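# Structure at a glance
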2 protein chains.
Amino acid sequence: MAFVNQNPILQSLIAEQLVSDPASARGRLLNEAARLFRDKGYERTTVRDLAAAVGIQSGSLFHHFRTKEEILKAVMVETIRLNTALMQAAADKAESAREKLRALVRTELESINGQTGEAMAVLVYEWRSLSESSQAEVLELRDIYEDLWLSVLHQLAEAKQLGADPFITRRMLTGALSWTVTWYRPERGGLTLDGLTDQVMAMLGLDQC
Amino acid sequence: MAFVNQNPILQSLIAEQLVSDPASARGRLLNEAARLFRDKGYERTTVRDLAAAVGIQSGSLFHHFRTKEEILKAVMVETIRLNTALMQAAADKAESAREKLRALVRTELESINGQTGEAMAVLVYEWRSLSESSQAEVLELRDIYEDLWLSVLHQLAEAKQLGADPFITRRMLTGALSWTVTWYRPERGGLTLDGLTDQVMAMLGLDQC
DNA sequence: TTACAAACCAAGCGCTTGCTTGGTATTGTC
DNA sequence: GACAATACCAAGCAAGCGCTTGGTTTGTAA
């Protein structure tokens, strides 16, 4: 009980049963699964690993999920749901388009490098391990998430504040931001998340104005 | 025999035995392995898949490579060797630092989305599947490759042409450029590799001078 | 033609995998 | 305090995995 989550956005999603409570059996399993999938990859992680991580027998997993792949899908779906809500809230708070973009960058960096980092990495790098039908389901959710970005980037493009095409800029940002998970270590080293956000905005030429 | 390779850089690397001839048995296997590893992932690709792709029995693979992992390592090592040489040559041809950066971006995009694209994707996304000792070996080669980028980016930073820190800019570019492999399709759609390079330079505010 | 190594095949071993099965605690409800 | 429903265990099955083995074919050079 070292950590009690107080995020109101997470709380309301749990209430709506759109994401699992991290304190529940299912939630704990999904958290451990995200960590294992990120550290070892989906294929290298066995159902025995997953079961051991939450202290049950491997066969007991299949009382909660029908297949191993269903666990991967649940990790991805719940992660997108949570992060879409977080991004929406962050963008709504900001005033200008530039501030909205900054909020999106900052929030996505936090998702990738913070508490939901394991799950975000899984979402990006374990995509191929999903069956095609599951991919289609997850893709629908991701479209909502991406529309958030594109509307802000379009605003900036119309105001001539963006060097490149909005679609391409978003794709470049997707790669650049998700890649931070491989190198950004906030604990050792002076660069904070805000500092990193500044660097991203500076790279885009959006630091002044 | 539809395709005869004429690239002089590749030819000299083959002569020095640093890279396998794509026409040789070993070279063909490595090409097929790169394709399979990229399409299905290293773990999902079986030695039987690899053998079938070049028309031999699975056991016969182990006449050429001692383990399956050795195949993955060979794909990565040879890819880095080839691309370091290609990048070096491209940068040497350019005059200004800005033109050198453009050449590096253009060449890396070509590596990622062209003929060596499968192998480049493997290099980026199958890193975890390498044993630690192999990772260390490959890392040494990658440092040489990265120094190419950093020297050019430092030049630009000193000339105040770069919005953000050189190290961070390179890391952002690594993510952004490698991510293109997931969405950039030159065949269907108007965007050429040169056009994509323009967009990257524009995003960095380096399209004019 | 002979000699020999490199390249390959056919068969399968030992192990791990995802998942199933039949049964036993544990929990919540009236 | 009876009774489901839920959560879990112990055991193991069938299939697939990387890799080994013993023997055969192919290429090359004297």
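This text follows the structure it describes.
Here goes a summary of the coordinates provided. It should be emphasised that the depicted structure is a prediction, and the values quoted were computed from it without experimental measurement.

What follows deals with the overall build of chain A. If you tally the helices and strands in chain A, you get 10 helices and 0 strands. Ordered by position in the sequence, the α and β elements of chain A form the string α-α-α-α-α-α-α-α-α-α. Here the C-alpha atoms of chain A give a radius of gyration of 18 Å, agreeing with the 17 Å that 2.2 N^0.38 yields for 209 residues. Dimensions of chain A along its principal axes, counting C-alpha atoms only, are 60 × 40 × 35 Å. A burial count over chain A gives 47% of its 209 residues as buried.

A few words now on the interface of chain A and chain B. Taken together, the contact pairs 32 residues of chain A with 32 residues of chain B. Summing both sides of the interface, chain A and chain B together bury roughly 2900 Å²; the carbon and sulfur share of this comes to 67%. Of all residues in chain A, the largest losses of buried area upon contact with chain B belong to Arg-128, Met-172 and Met-203 of chain A, amounting jointly to 26% of the total for that side. Our enumeration of links across chain A and chain B arrives at 4 salt bridges. Here Arg-44 of chain B ties to Glu-43 of chain A by a salt bridge, and the two come within 2.1 Å at their closest N and O atoms. If you look at where chain A meets chain B, you find 10 residue pairs in polar contact (both at pLDDT 80 or more).

What surrounds DNA strand C is a group of 16 residues, the closest being Thr-46, Val-47 and Lys-68 of chain A together with Gln-57 and His-64 of chain B. For DNA strand C, the fraction of atoms within 4 Å of the protein that belong to sugar or phosphate moieties is 61%. In the model, a phosphate oxygen of DNA strand C is placed 3.4 Å from a nitrogen or oxygen of the Thr-45 of chain A main chain. Between a base oxygen of DNA strand C and a side-chain N or O atom of Arg-48 of chain A, the distance comes to 3.0 Å. When residues of the surface near DNA strand C are traced back to their parent elements, those giving at least two are helix 3 (47–54) of chain A together with helix 4 (61–64) of chain B. Looking at side-chain class alone, the surface near DNA strand C contains 3 nonpolar, 10 polar and 3 charged residues.

Next up on the list: the relation of the copies chain A and chain B. Rotating chain A by 180° and moving it 0.0 Å along the rotation axis overlays it on chain B with an RMSD of 0.0 Å. The transformation relating the two chain copies, once decomposed into turn and shift, fits a two-fold axis. Comparing contact sets, 100% of the residues at the interface of chain A also lie at the interface in chain B, consistent with an isologous, same-surface contact.

Once that is clear, we can look at the packing of aromatic side chains. All names here are of chain A. Counted by the stated rule, this structure contains 5 aromatic pairs over all chains. With centroids separated by 6.1 Å and ring planes inclined at 75°, the aromatic side chains of Trp-183 and Tyr-184 adopt a geometry described as edge-to-face. With respect to class, Trp-183 is no different from Tyr-184; both count as buried. Here the basic side chain of Arg-142 rests over the ring of Trp-127, its NZ or CZ set 5.2 Å away from the ring centre. The residue whose ring lies beneath Arg-170 is Trp-149, and the NZ or CZ to ring-centre distance is 4.1 Å.

Further remarks concern the nonpolar core. Across soluble globular proteins, nonpolar side chains show a tendency to be buried alongside one another. Core analysis: the largest hydrophobic core is formed by 120 residues, its most contacted members being Ile-71, Leu-101 and Trp-149 of chain A together with Ile-71, Leu-101 and Trp-149 of chain B. Every residue in contact with Trp-149 of chain B, bar those within four places of it in the chain, is listed here: Met-87, Leu-101, Leu-104, Val-105, Glu-108, Arg-170, Leu-173 and Leu-177 of chain B.

Further remarks concern the pattern of salt bridges. Residue and element names in this part refer to chain A. One pass over the full model with this rule turns up 28 salt bridges over all chains. With a shortest N-O distance of 3.3 Å, Arg-106 and Glu-110 are connected by a salt bridge. Linking Arg-106 with Glu-110, this pair stays in helix 6 (residues 97–113), spanning 4 residues, or about one helical turn. When its relative accessible area of 23% is taken as the criterion, Arg-106 is described as partly exposed. Several salt bridges share partner residues, and in doing so they unite Arg-102, Arg-106, Glu-110, Asp-194 and Asp-198 into one network.

As a further point, take helix 6 (residues 97–113) of chain B. Helix length check: helix 6 of chain B (17 residues) gives 24 Å between terminal C-alpha atoms against 24 Å at 1.5 Å per residue, within 8%. Within helix 6 of chain B, 13 of the 17 residues are buried, which leaves it mostly tucked inside the rest of the structure.

Our focus in this paragraph is the packing of helix 5 (residues 68–93) of chain A against helix 7 (residues 117–125) of chain A. Residue and element names in this part refer to chain A. Packing of helix 5 against helix 7 leaves a shortest axis separation of 9 Å and a crossing angle of 115°. Considered as vectors, helix 5 and helix 7 are oriented roughly perpendicular to each other. Our pair here, helix 5 against helix 7, has a crossing hand that is left-handed. Within the contact between the two elements, helix 5 uses Leu-72, Val-75, Met-76, Thr-79, Ile-80 and Asn-83 and helix 7 uses Ala-119, Met-120, Val-122 and Leu-123. When its residues are assigned to classes, the contact of helix 5 with helix 7 shows 8 nonpolar, 2 polar and no charged.

Taken together, the neighbourhood of DNA strand D is formed by 16 residues, with Gln-57 and His-64 of chain A together with Thr-46, Val-47 and Lys-68 of chain B sitting nearest. Among the atoms of DNA strand D close to the protein, meaning within 4 Å, 62% are from sugar or phosphate groups. One nitrogen or oxygen atom from the side chain of His-64 of chain A is found 2.7 Å from a phosphate oxygen belonging to DNA strand D. Between DNA strand D and the protein, one listed contact pairs a phosphate oxygen with a backbone N or O atom of Val-47 of chain B at 3.0 Å. Where the surface near DNA strand D is concerned, the elements lending two or more residues are helix 4 (61–64) of chain A together with helix 3 (47–54) of chain B. Looking at side-chain class alone, the surface near DNA strand D contains 3 nonpolar, 10 polar and 3 charged residues.

Procedures and definitions
- Residues numbered from 1 in each chain as written.
- Chains lettered and ligands numbered in written order.
- Predicted model: local features only at pLDDT ≥ 70, side-chain atom pairs only at ≥ 80, totals over all residues.
- Heavy atoms only, no water.
- Helix = DSSP H or I, 4+ residues; strand = E, 2+ residues; numbered from the N terminus.
- Rg over C-alpha atoms; globule rule 2.2 N^0.38 Å.
- Buried < 20%, exposed > 50% of the residue type's maximum accessible area, 1.4 Å probe, protein only.
- Contact = heavy atoms within 4.5 Å.
- Buried area = accessible area lost by both parts, 1.4 Å probe.
- Salt bridge = Lys/Arg side-chain N within 4 Å of Asp/Glu carboxyl O.
- Polar contact = N/O pair within 3.5 Å; in protein donor to acceptor, adjacent residues only side chain to side chain.
- Near = heavy atom within 4 Å.
- Nonpolar A, V, L, I, M, F, W, Y, C, P; charged D, E, K, R; others polar.
- Least-squares fit on C-alpha atoms with pLDDT ≥ 70 in both.
- Phe/Tyr/Trp six-rings, centres within 6.5 Å; stacked < 30°, edge-to-face > 60°.
- Lys NZ or Arg CZ within 6 Å of the ring centre and 35° of its normal.
- Core = buried A, V, L, I, M, F, W, Y, C linked by side-chain atoms within 4.5 Å.
- Expected span 1.5 Å × (residues − 1).
- Axes fitted to C-alpha atoms, helices over the stretch in contact; angles between N-to-C directions.
- Parallel < 35°, antiparallel > 145°, perpendicular 65-115°, else oblique.
- Left-handed = near helix turned anticlockwise from the far one by under 90°.

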